[in-house]
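Next come the chains, spelled out residue by residue.
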Amino acid sequence: MSILVIGEALIDIVSTNGAPDRYAPGGAPANVALGLGRLGDDVEFLTDVGDDFHGGFLLAHLRESQVDVLTSPRGATSTALARLSEDGSAEYEFQLRWDPDSSLLGRNAHPVLHFGSIAAFLSPGSAVIDRHLDDAAEQSDQQRDRPLVSFDPNIRPSIIGSHEEALPRFEALAQRVDVLKLSDVDADWLYPDLAEDAQIDRLLGLGPSLVAMTRGGDGAILATASARVTAAASQVDVTDTIGAGDTFMVSLIHDLHAQEAALSDLSTTELTGLGEHAAALAAITVSREGADLPWAADLTN
């Protein structure tokens with residue numbers, strides 16, 4: 001059965017001082033689907049792209065990475081203008097549409113459901129995510145195999161609205177997932193008055209069994225109700241950071257999909273291993289230009 005990813009696919013227009021703009025496929029959920037496909041996972045990706053040149057480019061890019069893309073192309077493809085600073089970090093401006101055709105998916109069961117980023121907040125497509133979360137909850141109520149559900153909010157304040165609007169939506173979604181991954185920047189925007197450990201306590205209190213907080217060069221914190229570890233970042237020359245967090249998410253999904261232990265039973269050693277593997281994959285991505293996520297072959301070199 002396929003892993004299901006739901007979310008936006010778009011074209012990143014990467015702008016760097018003193019250099020021509022670069023055009024690249026992007027969108028956090030699209031990167032996650034692509035990364036899973038490159039690692040050899042069977043993955044379906046429900047998204048919304050245009051019937052223009054950019055849409056065709058996105059579809060070809062994803063399919064080359066073994067992603068089964070579910071979409072009904074129409075209109076203009078969404079774009080994100082990413083301005084890179086001298087340290088490689090990015091700021092974004094978006095032109096978006098998010099209205100996927102959920103009828104393309106049917107009612108097939110999936111062992112993993114991942115959703116995220118702008119798509120979780122932007123209507124009308126956010127209702128599609130809600131319906132699939134309802135389906136997952138129904139499977140659990142009927143004592144059928146419930147998918148592992150993961151969420152990366154990848155907070156974009158300029159898109160998702162005010163803090164007062166976005167926080168309740170975020171928390172309502174976080175209450176319904178098993179794995180919540182976010183950056184320290186996301187956490188600071190959501191909970192500016194809380195220190196790091198208190199932020200993680202707050203997030204675990206919402207209901208996820210596993211919370212992972214990435215912190216750039218300072219590594220990542222992975223926490224369950226009974227264990228909390230810090231995984232060091234891999235040392236690498238950074239070209240740019242686009243796709244780093246998405247790669248971390250890919251690694252978590254890939255590894256957790258393969259293991260049988262309950263998330264709540266993960267030991268500190270197991271949590272550290274998850275974090276270090278994710279950091280190693282993310283290091284490959286940040287050493288390359290753009291969101292060029294690792295292939296399975298990269299892990300054996």
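Residues numbered from 1 in each chain as written. Predicted model: local features only at pLDDT ≥ 70, side-chain atom pairs only at ≥ 80, totals over all residues. Heavy atoms only, no water.

Before going further, it helps to spend a moment on the packing of aromatic side chains. For the coordinates displayed, the defined rule picks out two aromatic pairs. Each residue in the set Phe-115, Phe-151 and Phe-170 is aromatic and connected to the rest through ring pairs, giving one cluster. (Phe/Tyr/Trp six-rings, centres within 6.5 Å; stacked < 30°, edge-to-face > 60°.)

For Phe-53, the position within the fold is in helix H2 (residues 53-64). Note on Phe-53: relative accessible area 69%, which makes it exposed. C-alpha separation for the pair Phe-53 and Val-67, spaced 14 residues apart in sequence, amounts to 19 Å. (Helix = DSSP H or I, 4+ residues; strand = E, 2+ residues; numbered from the N terminus. Buried < 20%, exposed > 50% of the residue type's maximum accessible area, 1.4 Å probe, protein only.)

The next subject is unusual backbone geometry. Cis rather than trans, the peptide bond between Ser-123 and Pro-124 has omega equal to 0°. For Pro-124, the location among the structural elements is in the loop between strand S8 (112-116) and helix H3 (126-141). A positive phi is found at Gln-66, a non-glycine position, where the angle reads about 70°. Checked against the element boundaries, Gln-66 lands in the loop between H2 and strand S5 (67-70). The residue Asn-154 is not glycine, and still its phi comes out positive at about 45°.

Here we take up the nonpolar core. In terms of nonpolar packing, the biggest core is built from 47 residues, with Val-5, Leu-36, Phe-45, Leu-222, Leu-256 and Leu-271 touching the most fellow members. Tallying contributions element by element places helix H8 (residues 244-258) first for this core, with six residues. Beyond its immediate chain neighbours, meaning those up to four positions away, Leu-256 contacts Leu-148, Val-179, Leu-210, Leu-263, Leu-266 and Leu-274. Residues Leu-4, Phe-121, Leu-182 and Ile-221 belong to the second largest nonpolar core, which totals 38 residues. (Core = buried A, V, L, I, M, F, W, Y, C linked by side-chain atoms within 4.5 Å. Contact = heavy atoms within 4.5 Å.)

Inspection of the secondary structure puts Asp-41 in the loop between helix H1 (28-38) and strand S4 (43-46). Reaching out from Asp-41, the side chain makes a polar contact with the side chain of His-254 at a distance of 2.6 Å. In this view, Asp-41 contacts Ile-3, Leu-36, His-254 and His-257; residues no more than four positions away in its chain are not counted. (Polar contact = N/O pair within 3.5 Å; in protein donor to acceptor, adjacent residues only side chain to side chain.)

What is shown is where atoms sit, not what they do.
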